[in-house]
Amino acid sequence: MRGAESKSLAFTGVLLGCLEMVFSANTEMVPDVLSDHAYGAFADGSFTSVEQNTALSPKSPMSCLPMNKFATNTYFTPNTSTFLFLILSAPDIPVIDQAYSKLSNSITVEWRAVPGATSYMLTAHDGDSFVEAIVKNSPGTVTGLKPATLYRITVRSISAGGKSLPSPFRKVKTVLAAPVLSVRSPSCDSIAVSWKAVPMAAGFSVSLMRSDGLGRVLKQNTTNTSLIFTNLHPGTLYTIKAYAWNANGMPGDDFTYNQRTSPNAPVDVKVAFNSGALRAVVSWMPAEGALTYSVTVSSGLLKLRCNTSSASCMVPSLQCSSEYDVSVTAHNEAGSSEPTDAVSLKTIPCAPVHISIEEDEPGHLLVSWSSVSLGHYYVVFVKSDDGLEVHCNTSHTQCHFQSDCGFTYFISVFAYNKAGQSPLGDVLNYTTAPCCPGDFRAVFVSSDTVRVAWAPVRGADLYETRAAGGSGVLLCRDTATACTLSALQCSTPYNITVRSFSEARGGSASCAPHCVPTAPCSPEIKNISKEGPSVISVQWQANNEEAMYVVTARGEAGLWHCTSTRNSCSLMDLPCGSAFSVSAIARSAAGQSLPSYSIPLETAPCCPSDLILTQVTQSVTNISWSIGRGAQTYVTTLESPKGQAKCHTLQTYCLLGCITCGTNYTVSLKAISETGLTSSCTYQGYSSSACCPSGVKLYRLSNNGIRVFWQASDETINYNADLHGSKGNFSCTPSSGLSHCDITRIPCGDVYTVLVAPVTNKGPKLTFCPKKIYSVTCSGSSVGMVIYRGKSNAKHI
């Protein structure tokens, strides 16, 4: 618009084809029924916006440009008060050529194309509901319909200008629904098909063919709801297609199902038996279409199964002496084949039982056993304990073998058939009677005891020695290859026989005896007497002829002997403090007698070799000594004119109290044995130490000195004073006869322990005298006050 020429204009327009319409000012708006878009154009090609209520006038030939419906902006030519307004119409109504249903849920429509149409709307109406579908071109299909239902079908074309009116309808009925199949393979060459009734169906058509396309198609029509296809290939996948038709013969939807026939039974079944493990491997040729196989191994009520997907299977845990029927069944998703014809499997025989061994006579063994089911023949193995093995092969149930004495034989029996050897059964052992012992030796232990020895023999667990002679028979049984026969009569000949025994077989055959005379009889000691300090006389009763007697004193100190052909001898130089056992024996060419009964003998205890006296306190002395051999207790005595001190003890030391200081004592000791024998011992005299002083005091001297004062028990005794403090130790010794001494310089400000004791001629200082404690204070740098603090708590042993 420009200046005063600008006016408002309200308009609308409708154009069928391509028409010009001129609207005057204030014209009514006409609803657009057919078009969706409007187009305005002018001849000179120039455009501008025009407000409503603007007058329009026709122009020269024009081109079409799009405009929005009911647009508020229009286009006009400058320098004029008119414009053109153009509107496109909807497309033509389509014409249906044909409509038909091939599926039970859809109808397909064919029509002639409409110029300018960009898409089409298909509508199916069954009187109760309708279904619409937008398609691009013909043909088009409406889905989601009901089976066997009559529909009215219309088509509308659609373009930029809108939708056309519906086309004349066509009536079309959807086809029947497809039957839903249930399929199975009752046998390896048949397939059974069944389904539920389909509404409005007059009949059904079912076809079958191999899924791999081989072979011909089998087709059957029926009014029933089931049928069976026979003479099919086992284990083969088939495709089944079925549909229903109505009374007009119109086919409905089809239903497709893939079904495999069950497999045929496997062929070429073979059984490989493992006799050692009692298991079998069953193999076969694979069956067409089989997925898995099951092997059944049965014997009476016993059934063993093995499942596998391969063409072989291992069946464990078979039993010996059993006959099995083996069959194989193939399986797939359709079912199972018939079992194969049974293959017979005979296992190895069981191990023979009730094995018995007899030695019908020495050197001959008879082995027998019970018959075994499925056993064709038997082998007996006999192995001796020296490693030698023999065997016997027989179809009977017994075998004979040669044997030797003293051997153990290990016997096993196996049964055999075509399947192999039976498992190992019981291994029996049989021990023959042992042989007679050889290398006989007899050694006398005493007059009434003989030790017999021999070489060991094979198979002997026990030996029996029999001695006959004198007044009876003696028996000795032992596992060792020696035996000691005791309680024999001395100086008597005996016939000794040794036999061997085994636990399994008993004694050996009779063996030759050996003559053995016994040794002399043992003497009897009658008296032991003491002839001197270390001389003992022994007397006995002589009861043997031409015998030498030996007397022995035996103890921890050693052995002492004396010999004689008469009835007495003397033991010399026996040590003190020793215990002895005295016995006598008799010797002759036949041997040596048993010792006589032992007589105990004890010598007096020895005196201790060392004795030491140590004064512990002024009135107590410790005495210690070395051990006196043979002594159990000791009595020590210190004796002087002033009195006696005595101690009786089990120890090797003793504390003697009530000792007088400065006194000479005699020392004696008694060593007493367990039986009361006593040895008196004397030692060098003993002098007790001088008496300790009394009244010990400290006094201050000038020039940092200290005087120690005491009261002497005897003016002839010399004393020594010792002061011990933290700042030093000090001592002083007075001149003879004085009872004090001085320490010229001593540090003050310390506590001192003061000890005054007699001076000994030898040995350490005496420390058992009383100790006193003094504090020495300082006065400036000099000694101040001396203060008594009491006695020291030091203990004395």
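Our structure's up above, just so we're on the same page.
Structural notes, computed from the coordinates. (Residues numbered from 1 in each chain as written. Predicted model: local features only at pLDDT ≥ 70, side-chain atom pairs only at ≥ 80, totals over all residues. Heavy atoms only, no water.)

1. Some thoughts on the overall build of the chain
Logical step 1: The number of helices and strands found in the chain is 0 helices and 65 strands.
Logical step 2: Restricting the contact set of the chain to residue pairs at least 6 apart, pairs at least 24 apart contribute 59%.
Logical step 3: Counting only carbon and sulfur atoms, one obtains 51% of the accessible surface of the chain, whose full area is about 42,200 Å². (Helix = DSSP H or I, 4+ residues; strand = E, 2+ residues; numbered from the N terminus. Contact = heavy atoms within 4.5 Å. Areas by Shrake-Rupley, 256 points an atom, 1.4 Å probe, with all protein chains shown as cover.)

2. A few points about the environment of I107
Logical step 1: Inspection of the secondary structure puts I107 in strand β5 (residues 106-111).
Logical step 2: According to the relative accessible area criterion, I107 is buried, its value standing at 0%.
Logical step 3: Each C-alpha atom of the pair I107 and V175 lies 9.0 Å from the other, and the pair is 68 residues apart in sequence.
Logical step 4: Excluding residues within four positions of it along the chain, I107 makes contact with A99, Y100, S101, G140, T141, V142, L145, Y151, I153, V172 and T174. (Buried < 20%, exposed > 50% of the residue type's maximum accessible area, 1.4 Å probe, protein only.)

3. Observations concerning the sheet that holds strand β57 (residues 678-687)
Logical step 1: With antiparallel pairing, the 4 strands of this open sheet are ordered in space as β54-β53-β56-β57. Every interior strand has two partners, whereas the edge strands, β54 (643-649) and β57, have only one. Ignoring strand direction, the axes of neighbouring strands in this sheet form an average angle of 15 degrees.
Logical step 2: Here 7 bridges tie strand β53 (residues 633-640) to β54, and the two strands are oriented antiparallel to one another. Bridge assignment links T637 to a residue of β54, and that residue is K646. (Pairing = 2+ DSSP bridges. Axes fitted to C-alpha atoms, helices over the stretch in contact; angles between N-to-C directions.)

4. A few points about the state of the cysteines
Logical step 1: On inspection of all chains with the given rule, the structure shows 15 disulfides.
Logical step 2: In this model, C436 is linked to C511 through a disulfide, with the two sulfur atoms separated by 1.8 Å. Classification of the bridge connecting C436 and C511 rests on its S-S torsion, roughly -85 degrees, and on that basis the disulfide is left-handed. Remark: C511 occurs in the loop between β41 (506-507) and β42 (514-517) and C436 occurs in the loop between β34 (428-431) and β35 (438-446); sequence separation between them is 75 residues.
Logical step 3: Overall, the relative accessible area of 15% leaves C511 in the buried class. (Disulfide = S-S within 2.5 Å.)

5. Side note on the sheet that holds strand β4 (residues 96-103)
Logical step 1: In space, the 3 strands of this open sheet follow the order β4-β5-β8, with antiparallel pairing throughout. Every other strand in the sheet has two partners, leaving β4 and β8 (140-143) as the edge strands with one partner each. Pairs of neighbouring strands in the sheet enclose a mean axial angle of 25 degrees, with direction left out of account.
Logical step 2: Pairing analysis gives 5 bridges linking β4 to β5, with the strands arranged antiparallel. Opposite A99, over in β5, you have V109 as the bridge partner.

6. Some remarks on the nonpolar core
Logical step 1: Ranked by internal contacts, the top residues of the largest apolar core, which has 20 residues, are V708, W710, L723, V754 and V756.
Logical step 2: When contributions to this core are tallied by element, the ones reaching two or more residues are β58 (694-701), β59 (705-711), β60 (719-725), β62 (740-743), β63 (750-758) and β64 (771-779).
Logical step 3: What V756 contacts, discounting residues up to four positions off in sequence, is P693, V696, V708, W710, Y719, N720, A721 and C769.
Logical step 4: V282, Y293, V328 and A330 belong to the second-largest nonpolar core, a separate cluster that totals 19 residues. (Core = buried A, V, L, I, M, F, W, Y, C linked by side-chain atoms within 4.5 Å.)

7. Concerning the pattern of salt bridges
Logical step 1: By the definition in use, this model includes 9 salt bridges.
Logical step 2: Across the pair D126 and K146 runs a salt bridge whose closest N-O atoms are separated by 3.5 Å. Of this pair, D126 sits in the loop between β6 (119-125) and β7 (130-135) while K146 sits in the loop between β8 and β9 (150-159), and the two are 20 residues apart along the sequence.
Logical step 3: Of the residues examined, K146 reaches a relative accessible area of 42% and is grouped as partly exposed.
Logical step 4: Note that D742 is salt-bridged to R707, the shortest N-O span being 2.6 Å. Of this pair, D742 sits in strand β62 while R707 sits in strand β59; the two residues are 35 residues apart in sequence, bridging distant segments of the chain. (Salt bridge = Lys/Arg side-chain N within 4 Å of Asp/Glu carboxyl O.)

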